[in-house]
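Take a look at the letters that make up each chain.
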Amino acid sequence: MRLIDEETGYEISFRRVELEDDLDRLHHWHHQAHVIPFWKQNFPLPKYKEHLYKLLCDRHQSLYIGYVNGEPMSYWECYWPTEDIIGNYYQHEDADQGIHLLFGPAKFLGKGLALPLVRAMTAFMFQHEGTNKIVAEPDIRNGKMIHIFKKCGFEPQKEIVLPDKQGLLMFCERSTFFRRWKDVNFIQQLHV
C-alpha cells in the first residue's frame, strides 16, 4: 500500500516483512532505548532470528515495514484477535483485527508521524470488508501512543493484564473511523 497523506504531505507505504531482508533492521530497532521497555525483544541476533521466523510463520498475523517518504522507519504487526491471547479479554467478532507498532530509528520520534501512520494502517486494515473493529492494547505506561490511538478514533475500554504488560484495551469502530476522517482524501478513496 502506498499513499500520500495530504494533511502532512508525507508519502506513506507498507510492505510485508521478509526474513532475510529485514532481520538486521528489525534486530537493530528492537535494541533501541525507546523500544526496549515496551517490546522487550532485545535478544541476541540468533535468538531474534528464531523469534522473527516464528512470527512470520504464524498465520494469525501479518508483519509490515512502514515507510515515510521512501525510508523504512516502523514495524507493524496486524493480527486476528480470535487466534490471539487478546481474544480472551473481550467478546470478539471473527473479523476483528488487532495492531501493534513501533518506530525504529529515534530520528522519526516527535515529528508528527504517529497519527498519519496509525491512520493509514487502520484504513488499510478496514479494507477487509468484514472488519468492523480494530483492537489495540498499548502498554499503560505509553501515554504518547495512547494519545495517538485516541486521536485516530480508538476508544479506551478497560485496563487489562497481559503476560508481558499491563495494557489499555482500545477499540476503533469502522463507523467512528470513517466519520472522523471523512474529509481525508485517501480515506475517502479507500472507503468507496
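Structure: see above.
Summarised in this report is the structure supplied together with it. (Residues numbered from 1 in each chain as written. Predicted model: local features only at pLDDT ≥ 70, side-chain atom pairs only at ≥ 80, totals over all residues. Heavy atoms only, no water.)

## With respect to the sheet that holds strand β3 (residues 61–68)
Note the cut-off: Any two strands with at least two DSSP-identified bridges between them are counted as paired. Helix and strand definitions here come from DSSP, where helices need a minimum of 4 consecutive H or I residues and strands a minimum of 2 consecutive E residues; each element is numbered from the N-terminal end. Throughout, an axis means a line fitted to C-alpha atoms (over the contacting stretch in the case of helices), and angles, computed between N-to-C directions, take values from 0 to 180 degrees. Residues are treated as being in contact if the distance between any of their heavy atoms lies within 4.5 Å.
The eight strands are arranged β1-β2-β3-β4-β5-β6-β8-β7 in an open sheet whose pairing can be described as mixed. Every other strand in the sheet has two partners, leaving β1 (2–5) and β7 (155–162) as the edge strands with one partner each. Averaged over all pairs of adjacent strands, the angle between their axes in this sheet comes to 30 degrees, without regard to strand direction. Relative to strand β6 (residues 133–136), strand β5 (residues 97–103) is paired through two bridges, and the arrangement is parallel. Among the inter-strand pairings, Gln-97 is bridged to a residue of β6, identified as Ile-134. Together, β3 and β4 (71–79) form the strand contacts of helix α3 (residues 45–57), whose direction differs from that of β3 by roughly 110 degrees.

## Considerations on the layout of surface pockets
Rules: Grid spacing is 1 Å over the protein atoms alone, the probe is 1.4 Å, and a cavity is where that probe fits but cannot get out, while a pocket is an open set with protein on both sides within 12 Å along at least five of seven lines and lining residues have an atom within 4 Å of a point. Grid points are joined across faces, edges and corners, and a volume is the space filled by probe spheres set on the points. Following the grouping adopted for this structure description, the nonpolar residues are Ala, Val, Leu, Ile, Met, Phe, Trp, Tyr, Cys and Pro, the charged ones are Asp, Glu, Lys and Arg, and the polar ones are all others, Gly among them.
Volume-wise, the largest pocket comes out at about 1200 Å³. In this structure, the largest pocket is lined by 43 residues; those nearest its centre are Phe-38, Trp-39, His-100, Leu-101 and Lys-165. Where the lining of the largest pocket is concerned, the elements lending two or more residues are α2 (36–39), α3, β4, β5, α4 (114–125) and α5 (143–152). Taken together, the residues of the lining of the largest pocket break down into 23 nonpolar, nine polar and 11 charged. Along its surface, the second largest pocket is lined by 13 residues, and Ser-62, Tyr-64, Cys-78, Trp-80 and Gln-97 are the ones closest to its centre. For the lining of the second largest pocket, the secondary-structure elements that each account for two or more residues are β3, β4 and α4. By residue number, the principal contributor to the lining of the second largest pocket is β3, which donates three residues. Tallied by class, the residues present in the lining of the second largest pocket amount to six nonpolar, five polar and two charged.

## A word on the nonpolar core
One broad rule of soluble globular proteins: the nonpolar side chains tend to lie buried together. Rules: Nonpolar cores are built from buried Ala, Val, Leu, Ile, Met, Phe, Trp, Tyr and Cys residues. Side-chain atoms within 4.5 Å join them into one set. Residue burial is assigned from relative accessible area. The probe radius is 1.4 Å, only protein chains are included, and a residue is buried under 20% of its type maximum, exposed over 50%, and partly exposed in between.
By size, the foremost hydrophobic cluster in this structure holds 37 residues, and its most contacted members are Trp-76, Ile-99, Leu-117, Val-118, Phe-149 and Phe-154. In terms of residue count, α4 provides more of this core than any other element does, eight residues in total. The residues touching Ile-99, leaving out its near neighbours within four places in the chain, are Trp-76, Glu-77, Tyr-79, Met-121, Met-125, Ile-134, Val-135, Ala-136, Phe-149 and Phe-154. Counting 16 residues, the second largest nonpolar core, distinct from the first, contains Leu-23, Tyr-48, Tyr-67 and Tyr-75.

## Some words on the pairing of strand β8 (residues 165–173)
Among the nine residues that make up β8, seven are buried, leaving the element largely enclosed by the rest of the structure. Count of turn residues in the β7/β8 antiparallel hairpin: two residues.

## Some words on the packing of α4 against α5
Using the following cut-off: Roughly parallel covers angles under 35 degrees, roughly antiparallel covers those over 145, roughly perpendicular covers 65 to 115, and oblique covers all other angles. In this scheme the handedness of a crossing depends on how the near helix is turned from the far one: anticlockwise by less than a right angle means left-handed, clockwise means right-handed.
α5 packs onto α4 with a crossing angle of 55 degrees between their chain directions and a minimal axis gap of 9 Å. Here α4 is positioned oblique relative to α5, judged by the angle of their axes. Crossing of α4 against α5: the hand is right-handed. Where α4 abuts α5, its residues Ala-114, Leu-115, Val-118, Arg-119 and Thr-122 lie against Met-145, Ile-148, Phe-149, Lys-151 and Cys-152.

## Regarding the pairing of β7
On a regular strand, one side chain projects to one face of the sheet and the next to the other, so that they alternate. With seven bridges connecting them, β7 and β8 associate as antiparallel partners. Residue pairing across strands places Leu-162 opposite Lys-165, the latter belonging to β8.

## Focus: the packing of aromatic side chains
Put simply, the rule reads: By convention, a stacked pair of Phe, Tyr or Trp rings (six-membered ring in the case of Trp) has centres within 6.5 Å and planes under 30 degrees apart, an edge-to-face pair has planes over 60 apart, and any other such pair is tilted. Comment: the charge-over-ring label is applied if NZ (Lys) or CZ (Arg) is within 6 Å of the ring centre and within 35 degrees of the ring normal.
The full count for this structure, using the stated rule, is eight aromatic pairs. With a centroid separation of 5.6 Å and an interplanar angle of 40 degrees, the aromatic rings of Phe-126 and Phe-177 are classed as tilted. Of the two residues, Phe-126 is situated in the loop between α4 and β6 and Phe-177 in helix α6 (residues 174–180); the sequence distance between them amounts to 51 residues. This pair shows no difference in class: Phe-126 is buried, exactly as Phe-177 is. Residues Phe-149 and Phe-154 carry aromatic rings whose centres are separated by 4.8 Å and whose planes lie at 65 degrees to one another, so their mutual orientation is edge-to-face. The exposure class assigned to Phe-149 is buried, which follows from its relative accessible area of 3%. Using a relative accessible area of 2% as the deciding quantity, one classes Phe-154 as buried. One aromatic cluster is present, built from ring pairs that chain together Phe-126, Phe-177 and Phe-178. Between Arg-119 and the ring centre of Trp-181, over which it is positioned, the NZ or CZ distance is 4.4 Å.

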